[in-house]
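For reference, the chains in residue letters:
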Amino acid sequence: MPVIKILPHPEYAPNGAEVKAPAGTSICEALLDNGIEIEHACDMSCACTTCHVIVREGFPSLNEMDENEEDLLDRAWGLEPNSRLSCQAILDHKDLVVEIPKYSINHAKEKH
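Quick caveat: nothing in here was measured; it's all calculated off a predicted structure. (Residues numbered from 1 in each chain as written. Predicted model: local features only at pLDDT ≥ 70, side-chain atom pairs only at ≥ 80, totals over all residues. Heavy atoms only, no water.)

Before going further, it helps to spend a moment on the pattern of salt bridges. Enumeration according to the criterion identifies three salt bridges in this entry. For the salt bridge of E99 with R56, the shortest nitrogen-to-oxygen distance reads 2.7 Å. Within this pair, whereas E99 is found in strand β5 (residues 96-99), its partner R56 is found in strand β3 (residues 52-57), the two being separated by 43 residues in sequence. By relative accessible area, which is 25% here, E99 ends up partly exposed. On the basis of relative accessible area, R56 is assigned to the partly exposed category, the value being 34%. When salt bridges with common partners are traced through the structure, they connect R56, E80 and E99 into a single cluster. (Salt bridge = Lys/Arg side-chain N within 4 Å of Asp/Glu carboxyl O. Helix = DSSP H or I, 4+ residues; strand = E, 2+ residues; numbered from the N terminus. Buried < 20%, exposed > 50% of the residue type's maximum accessible area, 1.4 Å probe, protein only.)

A word on the nonpolar core. One broad rule of soluble globular proteins: the nonpolar side chains tend to lie buried together. Among the nonpolar cores identified, the biggest contains 28 residues, and I4, I6, I27 and L31 are the most heavily contacted of them. Among the secondary structure elements, those contributing two or more residues to this core are β1 (3-6), α1 (27-33), β3, α2 (67-73) and β5. Sort the elements by how many residues they give to this core and α1 lands first, with five residues. Apart from residues no more than four positions distant in its own chain, L31 is found in contact with I4, I6, V19, I36, I38 and I100. (Core = buried A, V, L, I, M, F, W, Y, C linked by side-chain atoms within 4.5 Å. Contact = heavy atoms within 4.5 Å.)

The subject of this paragraph is the sheet that holds β3. Reading across the sheet, the five strands line up as β2-β1-β5-β3-β4 and stay open at both edges, with mixed pairing between neighbours. Only two strands of the sheet have a single neighbouring strand rather than two, namely β2 (17-20) and β4 (83-85). Taking the axes of each pair of neighbouring strands and ignoring which way they run, one obtains an average angle of 35° across the sheet. With three bridges joining them, β1 and β5 adopt parallel strand pairing. Its bridge partner lying in β5, I6 is registered against V98. (Pairing = 2+ DSSP bridges. Axes fitted to C-alpha atoms, helices over the stretch in contact; angles between N-to-C directions.)

Below, the structure written as structure tokens:
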């Protein structure tokens, strides 16, 4: 089972975190299932960019991006070449290191 190491984030993981999830799970689902309450305003339907993450290690092991995800990522805050929408990035059998950006385009947050 792959391990996702989450780099420290002041709100979601102040001390960083490590979670395990089965291959075939999205990064977003894995984080939420393990108490990391990452934003996901569109309820993981690939309609916003609030679940944007930067994959620092393990990027090539993820599924390929489709055109819709690529188009949405253009609107994400802090976009980098190894950015993904965590709701669309599906785990393989490799470990990952991810960073949750400090900001998102969301002006207001809802408790999910």
